[in-house]
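Single-letter residue listing:
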Amino acid sequence: MSWIPATETERRSMLDTVGAASLEDLFASIPAALRMQSWDVPPGRSEMAVSEYLGRLSVKNDVCSVNFLGGGYYDHFIPAAVDALISRSEFYTAYTPYQPECSQGTLQAIYEYQTALCRLTDLEFANASLYDGGTAVFEAATMSMRVTRREKVVVHESLNPVYRKMLETHAANLGVEIVSGENPEGAACVIVQNPSFLGTVRDFTNLAAQCHAAGALLVVSFYPVSLGMIKTPGAMGADIAVAEGQSLGQPLGFGGPYLGIMTTRKECVRKMPGRIVGQTVDAEGRRGFVLTLQAREQHIRREKAMSNICSNQALCALRALVHLSLLGKAGLQEVATACHSKAEYLKKKLGFAQIVNDGPTFNEFAVRLPKKAGEAAAKLLAKGFLAGLPLASVGAGQDNDLLIAVTEKRTREELDAFAAALEEASCN
Amino acid sequence: MQLIYEKCRGRRAVTFDALDVPEVKLPEALLREKPAELPEVSELDVVRHFTHLSKRNVGVDSHFYPLGSCTMKYNPKMAEAVAAYPGFAWLHPHLSTVPEYQAKCQGALALVYELERLLAEIAGMKASCIQPIAGAHGELTGVLLIAAYHRDRGNTHKDTIIVPDSAHGTNPASAAIAGYKVLQVPSNAQGLVDVEKFKEALNDRVAGVMLTCPNTHGLFESNIREIAELAHSVDALLYYDGANLNAIIGQCRPGDLGFDVMHYNLHKTFGTPHGMGGPGSGPVGVGERLLPYLPGPRVVKHEDRYALEMPEKSIGRIAAFFGNFLIAVRAFAYILHLGDEGLRDVSRMAVLNANYILARLKGAYKPAYPGTCMHECVFTASPQAAQGVHALDIAKALIDCGFHPPTIYFPLTVKECLMIEPTETENKETLDAFCDAMLEIAKLVETNPDSLHAAPVTTPVGRLDEVKAAKELNCAKLQ
């Protein structure tokens, strides 16, 4: 059998060493009545056959349409060197760096990732990753509750409605009061998103001040690429910044694996969930890196831990770091500028539709079409465009509302053709 | 080695074509004051840097990695290749959200549907859901399902989850994050749940019981049916922590043992990579009682079309879409390749390999419990510690011998614990070389214990000052 190397002779010899007559003997501690009789699992198939079968499934999925679909997950360019480096098996076949001396590659990479995210958000501490953008919002909410010893969480209208639903699912049995709005009185935190789910860019500096005056924290869910241009959570006075890190070198992958990002201020770091890497030295004074503040974590604190997280998304964090290293200081600004400029170009071309946003937008905006967005989207699909996200499908708008995202990958020709096709589909 | 930030010389790696539309900026007040200080290096600088970092790591491809409880088996290259197919890797998840788009992701929906069916069948469950993103996330999901069940039945007085003292830390942590009190029950002298103590702890307030089976001592809980009946007698549900499913896959099934809910670790049992700490994947499986509450939306099949439905009593979304989908693709390929007989052989050889190590080492190291083990063998280094050599020293010495150390100091129930899990993918020569090294170290404990305190000496850094790290808390190079 592939991947299981033991030959019959070796099995025999090992059984002799063990002192067992047969492999069956080794399962004697399972009561006979509980042994499995049969199951409906097909016989194994060769690597060739399995690869072919999965290939046939994969080509039933559309990855060729010109993509204007966002809603929190974007079709950004990923340089080839990201995949090349992530494919080094010294990274992807290792596990959590419990033994730092033989895991310095992982640990230094995470330290560098933490550095990148602190610099990106203008905050002082980052963890080694959480699962994704939605679970990061839940972790930020419970972290705020630990910091403030309050049990109310205020969710601003700007937050991705899927994140809000995930927050409600995760907190269902915790007795947390989750309310809508932006009033921080008596709350552990106010959670906002910038740009908003509909793409609107705001400055939450005043809200941060109001939160602090009321003893609450401000949590900002951000879009990493946008920080190549827009005011940072740290500059606004946010206490915790969280993000879906997909836009930093993670393939869309039908939902994952993605990357949950979290950064915070020094005052809150001991209440932060997840692994954290710190710099130190060995006996000879050589610089090295270790997991630190582990007393926050489940393997030490069990039911009193800050979170139950164990496995995280470390390889995705490495992807983000390599991606940011390749884009560099100038490249991230260029990507942000291209996303914004191209979206603005398209917005101007859609004069036949009403813009739903009530302020400036970054690279995504919502339009109200003369007809149902789903119907228009179906027509556009036939012309090779993924037109965007009909907002009614996520309960975030009217039937005619369409959320359109533009990344650096879209060309002027594609924008022109898309604008014409959308006008035709929605006005005729 | 320098940080990438210390290698900046104002260079560029990726460049872009000139903008083909007019450049537009947001209003000044909405802009960041100065750009983020990201690396300014060439592509080769980046490639060299991360290649050098990778060489400061050991992984399964380069080293035997018998990290107990983590099932560090070989990660097949075929699974990596199929997960990289553009039809999976580039697929936008919102195609599943919009009914008008669902025709464009039928292959991916079919995969989710088929994998969820296979996972359920493998564990004797009614259904499974691949949304949970990691093992601990699956635990939390499972406990939330238990909570939904009790809420639905009006069992408002149930506020406690029972967890054995040998459990992974994630079990009590997940129960607490799902809003429950945690009650710990002790293990007996044989390393199993003490059934008498369990009976004493069990009462009407208990909502659920979380068990790992085989447990973290590497032993099968042979009283499992009695424990299940006792739990069910007070309407407490039984949770199966799938961390050790590798030991029993194809031999017995959690559903048949009486478990109501479980999580799978695709990165343990089903050979997907551990990625330096993740991404893993932690699908949940449920029996009849919890079927109505599964997270949604769920992939359903209408004749030959796949669509999404939110079950009426669903706890809702635990992930935005299908969890770590590309990890699920790898696990699906793994299951299809091994199939019926191959999966049964996984547990046979995982268990034989662990018992082989146990047999070869038990003369020099003290087994924590008598008898044979399942997929991992647990020793106590207490006799060595009495001579001044601790489990930590043995682990560090193993690094110098060319092996990743086993898990140490876990489970907490065993003093000076060494927990060794070889997995089924290692060959006999590797096991022999590891055992030879362990026996050599045991001799050094007798003859030259001081030599072991200096280990490791072959790594880029020696033992690191963890106290300094926690005290100074330098976790980012801010400038």
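Rules used throughout
Residues numbered from 1 in each chain as written. Chains lettered and ligands numbered in written order. Predicted model: local features only at pLDDT ≥ 70, side-chain atom pairs only at ≥ 80, totals over all residues. Heavy atoms only, no water. 1 Å grid on protein atoms, 1.4 Å probe; cavity = no way out; pocket = protein on both sides within 12 Å on 5 of 7 lines; lining within 4 Å. Points joined across faces, edges and corners; volume = space filled by probe spheres on them. Nonpolar A, V, L, I, M, F, W, Y, C, P; charged D, E, K, R; others polar. Domains from an automatic or database assignment. Pairing = 2+ DSSP bridges. Helix = DSSP H or I, 4+ residues; strand = E, 2+ residues; numbered from the N terminus. Salt bridge = Lys/Arg side-chain N within 4 Å of Asp/Glu carboxyl O. Buried < 20%, exposed > 50% of the residue type's maximum accessible area, 1.4 Å probe, protein only. Contact = heavy atoms within 4.5 Å. Buried area = accessible area lost by both parts, 1.4 Å probe. Polar contact = N/O pair within 3.5 Å; in protein donor to acceptor, adjacent residues only side chain to side chain.

Draft legend 1. Empty space enclosed by the protein, seen in detail. All names here are of chain A. Under the definition given, this model contains nine cavities of 30 Å³ or more. Estimates place the volume of the largest cavity at around 180 Å³. Among the residues making up the lining of the largest cavity, the classes are represented as seven nonpolar, nine polar and two charged. Structurally, the lining of the largest cavity is a two-domain feature, drawing no fewer than three residues from each of domain 1 (66–76 + 329–427) and domain 2 (80–321). Taken as a whole, the second largest cavity spans an internal volume of roughly 70 Å³.

Draft legend 2. Broad picture of the pairing of strand 8 (residues 298–302) of chain B. Residue and element names in this part refer to chain B. With five bridges joining them, strand 8 and strand 9 (residues 305–309) adopt antiparallel strand pairing. Directly across from Arg298, in strand 9, lies its bridge partner Glu309. Connecting strand 8 to the next strand, strand 9, in antiparallel fashion are two residues, including Glu303 with a positive phi near 55°.

Draft legend 3. The pattern of salt bridges, seen in detail. Tallied over the full model, the rule gives 54 salt bridges over all chains. As a salt-bridge pair, Arg35 of chain A and Glu24 of chain A come within 3.3 Å of each other at their nearest N and O atoms. Pair noted here: Arg35 of chain A is in the loop between helix 1 (8–18) and helix 2 (47–58) and Glu24 of chain A is in the loop between helix 1 and helix 2, with a separation of eleven residues, a long-range link. Measuring nitrogen to oxygen at the nearest pair gives 2.9 Å for the salt bridge that ties Asp159 of chain B to Arg205 of chain B. With a gap of 46 residues between them, Asp159 of chain B in the loop between helix 5 (135–152) and strand 2 (160–164) and Arg205 of chain B in the loop between helix 7 (195–201) and strand 4 (206–212) connect regions that are remote in the sequence. Connected through salt bridges with shared partners, the residues Arg11 of chain A together with Glu341, Asp345 and Arg348 of chain B form a single ionic network.

Draft legend 4. Here's a closer look at the environment of Ala386 of chain B. Residues and elements named next belong to chain B. With respect to the element layout, Ala386 can be found in helix 12 (residues 382–386). With relative accessibility at 72%, the residue Ala386 sits in the exposed group. Measuring from C-alpha to C-alpha, the distance between Ala386 and Pro214 comes to 30 Å, with 172 residues separating the pair along the chain.

Draft legend 5. A look at the domain arrangement of chain A. Residues and elements named next belong to chain A. The domains assigned to chain A are domain 1 (66–76 + 329–427) and domain 2 (80–321). Relative placement of domain 1 and domain 2: their C-alpha centres are 28 Å apart. Residue-level contacts link 30 residues of domain 1 with 25 residues of domain 2. Roughly 2000 Å² is buried in total at the junction of domain 1 and domain 2, and carbon and sulfur atoms are behind 66% of that figure.

Draft legend 6. Spatial organisation of the interface of chain A and chain B. Facing 186 residues of chain A, the contacting portion of chain B comprises 204 residues. Counting each side, the surface lost to burial between chain A and chain B is near 16900 Å², with a carbon and sulfur contribution of 66%. When residues of chain A are sorted by the area they lose upon contact with chain B, Trp3, Arg119 and Phe254 of chain A head the list and together hold 7% of the total. Inspection of the chain A/chain B interface yields eight salt bridges. Between Arg11 of chain A and Asp345 of chain B there is a salt bridge; the shortest N-O distance is 2.8 Å. On the surface where chain A and chain B come into contact, there are 90 residue pairs in polar contact (both at pLDDT 80 or more). With 25 residues, the top contributor of residues to the side of chain A that touches chain B is helix 11 (residues 314–349) of chain A. Among the residues making up the side of chain A that touches chain B, the classes are represented as 94 nonpolar, 58 polar and 34 charged.

Draft legend 7. Representation of the domain arrangement of chain B within the structure. Segmenting chain B into domains produces domain 1 (4–54) and domain 2 (80–337). Distance from the C-alpha centre of domain 1 of chain B to the C-alpha centre of domain 2 of chain B: 42 Å.

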